[in-house]
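# Geometric and topological summary
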Amino acid sequence: MSSPLSPASAKPWLVAKFGGTSVSTRPRWETIARIAAEHHARGRNVLIVVSALSGITDLLKKIAEARGDTARCRQAQAAIIERHSALLRDLELPSRGEIDQWLSHLDRLIADPRCAASALDWQADVFSLGELMSSTLGAQFLRERGLATDWLDAREHLRAQPLANQNEWNRYLSAVVPAAPEPAFAQALAARGEVFITQGFIARNAEGETVLLGRGGSDTSAGYFGAMLHAEVVEIWTDVPGMFSANPRIVPEARLLARLDYEEAQEIATTGAKVLHPRSLGPLRRAGVPLVIKDTNRAHLAGTEIRAAAADTAPCVKAISARKGITLVSMETIGMWQQVGFLADVFAQFKRRGLSVDLISSAETNVTVSLDPTENLVDSDVLAALAADLAKICRVKVIAPCAAITLVGRGMRSLLHRLSGVLAEFGALDVHLISQSSNNLNLTFVIDETLVDELIPRLHALLIRADALRVEDGAVFGPSWQQLAGTAVAPSRIAWWQRERDALLHLAREGTPRYVYSLATVREHARALRALAAVDRWHYSLKANPHPAILRALHEEGFAFECVSMAEVEAVRAALPALAVENILFTPNFAPREEYAAALNAGVRTTLDALHPLLHWGELFAGRAIHLRVDLGVGRGHHDKVKTGGATSKFGVSLDQID
Ligand code: ADP
Ligand code: ASP
Ligand code: MG
């Protein structure tokens, strides 16, 4: 209750958005109730914005895209009912109760004739039910917990406006709301109550129909409401404790970004960090409202704070992000160099299809552009139609699926000298397009999609090593994801040779040079490797160090042995006479025939890494089990000479030789 001395309209507003996983369980709803109550007790008016329960929008998508396949619709519908009923039971709310109206609506929509055509207005209606249900169920729970909470239909307040050139798909499923501070709205709401809950993701168009704000668009709703209410802050509560220097689920070493300015955060979001929808920041930046990203499961962590830039920011890479599902369209002029208006002609075709172009790179006779699936409906029909139109004015090549990898940070152009190691990583890859944004905030590489998950962690490590990602700057970079999860290896471990200093000095007095090994360290590392659940067979390479004591220690730790010559096979058998032959893997490269014969006769596992032995001494291998070493065509390493795969490598049977 507001006292007469402090009119409700004068209370600051706080908008708190909770994502899918944050609204899916009872403990999370208890956290939401606590957070809302705390803000309210501090004298704030609170607007809670919620996503659908995690996975529900994907189930609704199955219905939205079923094109009249009723069995498919009913299956998804049953799963949706089950998920909500289970949560209602957990929350000890009456079964179905208030969400019944939405479930009946879903039932009617499935029976609607528009289902067969997957009409866009009907799709938007289907999708909207996820958020309508979660907010309804949430309002009920918060009231049960004693927090007087008003349920608000977001569509009454978020009015989408069609943009020039927006096609139907965008107007219904990825609409835009021109949100700016609206004191009258803030006042009217404050006159109604102090704690509200509403839906993310949905709005209404001028015709009064339901429209969506694009996948992940609940963040955008929070941004819109935050700007309209001129909130003190918008909080985005999710399943990670902030925005990280890379997707923490792919890069455990990724560092929390404690503070970002709007432009950097915008760039990180736009270039792939799903944690924040790229459209959520614009309205807040214009209204000067800060945004904070926090972890619902670990509410005590400070998270990422996004506000206006401090004046003196040194150039530095803040993050590396990736977007998958990118389609490249490469257009080559047909023999008309310096043809006036070529760009205008090709872009007109994209406009005609309502396709928004993301990256561009051009030469005298070629222009290549990328299409981002989050901003476009890039299906095969649209692409075929576009290619047919373009073919009239140029030669067209569509390259997909690609991924865009982006380095984000202020002053990218003055950081190039630090990026040599990072650029070297692209040496072995087919880079389809490079683009440097004119705002000097990003540098983007487009490569084949399959390469990206493996590449990102390596690039992240290289950026730190090159001091381009300056993680020692405590004002910007917080702890790593690993440290926050408590799984990090203590960084300041004292090396064994420091710990054993006295013993080593003592040995040195007996005579130098000499080699000293720490078996305890060998065992410790072996155990750390064995703890990786994803690998089920471990080999130690003899070439690393064939000392018998090391071989025995590793044998006891459960390792098998990899040898590249018969001399190594003999060395391991001499050190471990009782070792079963299956625990020896022979991986020769350009070995003479006698070595293969000896290895096969001894019964050790033998690897073939070229066709030559098979073609010339085929009889040797007849009836034998052999391993094939395959060259998948991509190499890794800081220098060509150490790459063990790819066109220039001598190792392995190439894929086209497998038959
Ligand atoms: P919500 O359902 O709460 O909206 P999202 O799944 O949309 O949550 O976004 C959170 C997810 O974003 C994280 O779980 C993480 O996998 C992903 N993500 C991608 N890039 C980043 C990044 N740079 N920092 C943090 N999270 C990221
Ligand atoms: N539920 C919607 C989606 O999954 C919106 C959101 O969660 O932000 O895309
Ligand atoms: Mg999200």
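Residues numbered from 1 in each chain as written. Chains lettered and ligands numbered in written order. Predicted model: local features only at pLDDT ≥ 70, side-chain atom pairs only at ≥ 80, totals over all residues. Heavy atoms only, no water.

## Topic: the site of ligand 2
Around ligand 2 sit S51, T57, E131, F201, R215, G216, G217 and S218, and that is every residue in its neighbourhood. Between T57 and ligand 2, the recorded distance is 2.7 Å, taken from a side-chain N or O atom to a nitrogen atom. The side chain of E131 places a nitrogen or oxygen atom 2.6 Å from a nitrogen atom of ligand 2. Computed on the free molecule, ligand 2 has an accessible area of 260 Å², of which 86% lies beneath the protein chains in the complex. For the shell around ligand 2, the class distribution of residues is 1 nonpolar, 5 polar and 2 charged. (Near = heavy atom within 4 Å. Polar contact = N/O pair within 3.5 Å; in protein donor to acceptor, adjacent residues only side chain to side chain. Areas by Shrake-Rupley, 256 points an atom, 1.4 Å probe, with all protein chains shown as cover. Nonpolar A, V, L, I, M, F, W, Y, C, P; charged D, E, K, R; others polar.)

## Brief notes about a nonpolar patch on the surface
On the surface, a nonpolar cluster with roughly 590 Å² of combined accessible area is contributed by L614, I626, L628, V630, L632, L655 and I658. With respect to the helices, strands and loops of the structure, L628 is situated in strand β23 (residues 627–628). (Patch = residues over 30% accessible without salt bridge, like charges linked within 9 Å, V, L, I, M, F, W, Y side chains within 5 Å. Salt bridge = Lys/Arg side-chain N within 4 Å of Asp/Glu carboxyl O. Helix = DSSP H or I, 4+ residues; strand = E, 2+ residues; numbered from the N terminus.)

## Structural notes on the sheet that holds strand β1 (residues 13–18)
Strand order across the open sheet formed by 8 strands is β3-β4-β2-β1-β7-β10-β11-β9, with mixed pairing between neighbours. Only two strands of the sheet have a single partner each, and these edge strands are β3 (150–151) and β9 (259–261). Both β1 and strand β2 (residues 45–50) contribute to a ladder of 6 bridges, which runs parallel. For K17, the partnering residue across the bridge sits in β2 and is V49. Relative to the sheet, helix α10 (residues 262–270) contacts β9 and β11 (304–307), its axis offset from that of β9 by approximately 95°. (Pairing = 2+ DSSP bridges. Contact = heavy atoms within 4.5 Å. Axes fitted to C-alpha atoms, helices over the stretch in contact; angles between N-to-C directions.)

## Thoughts on helix α20 (residues 548–556)
Considered for burial, the residues of α20 that qualify are I550, L551, A553 and L554. Buried residues in α20, looked at end-on, bunch into an arc of 165°, giving them a common side. Buried residues in α20 make contact with α19 (519–530), β19 (539–541), β20 (560–563) and α21 (566–575). Just downstream of α20, G558 is the residue with a positive phi angle, here 90°. (Buried < 20%, exposed > 50% of the residue type's maximum accessible area, 1.4 Å probe, protein only. Arc of directions from axis to C-beta.)

## Thoughts on the site of ligand 1
For ligand 1, the set of nearby residues contains 16 residues, the closest of which are T238, D239, F244, R249 and K274. The separation between an oxygen atom of ligand 1 and a polar side-chain atom of R249 is 2.9 Å. Backbone polar atom of V275 to an oxygen atom of ligand 1: 3.3 Å apart, as the coordinates give it. Compared with its free state, where it exposes 580 Å², ligand 1 has 87% of that area covered by protein. Looking at side-chain class alone, the shell around ligand 1 contains 7 nonpolar, 5 polar and 4 charged residues.

## Comments concerning the sheet that holds β20
Pairing is parallel in the open sheet, where 5 strands are placed in the order β19-β20-β21-β22-β23. With partners counted over all chains shown, the strands left at the sheet margins are β19 and β23, one partner each. In terms of strand pairing, β19 meets β20 through 3 bridges, oriented parallel. By the bridge assignment for β20, H539 is matched with A560. Lying over the sheet, helix α22 (residues 593–602) contacts β21 (584–586) and β22 (605–608), oriented at roughly 145° with respect to β22.

## Regarding the pairing of β11
The two faces of β11 differ: T304 and I306 on one face are buried, but E305 and R307 on the other face are not. In terms of strand pairing, β9 meets β11 through 3 bridges, oriented parallel. If you follow R259 over to β11, its bridge partner there is E305. Relative to β11, strand β10 (residues 291–295) runs antiparallel, the two sharing 3 bridges. Counterpart to I293 in the pairing with β11 is T304.

## Here's the deal with the packing of aromatic side chains
What the rule picks out here adds up to 13 aromatic pairs. Judged by centre distance (6.0 Å) and plane angle (40°), the ring pair of W13 and F196 falls under tilted. Here the residue W13 occupies a position in strand β1, and F196 occupies one in strand β4 (residues 195–199), the gap between them amounting to 183 residues. By the burial criterion, W13 is buried, and F196 matches it. (Phe/Tyr/Trp six-rings, centres within 6.5 Å; stacked < 30°, edge-to-face > 60°.)

## Points about the pattern of salt bridges
Scanning all chains against the criterion turns up 35 salt bridges. Note that D112 is salt-bridged to R114, the shortest N-O span being 3.0 Å. In the salt-bridge network here, residues are joined through shared partners; they are R26, E30, E92 and R145.

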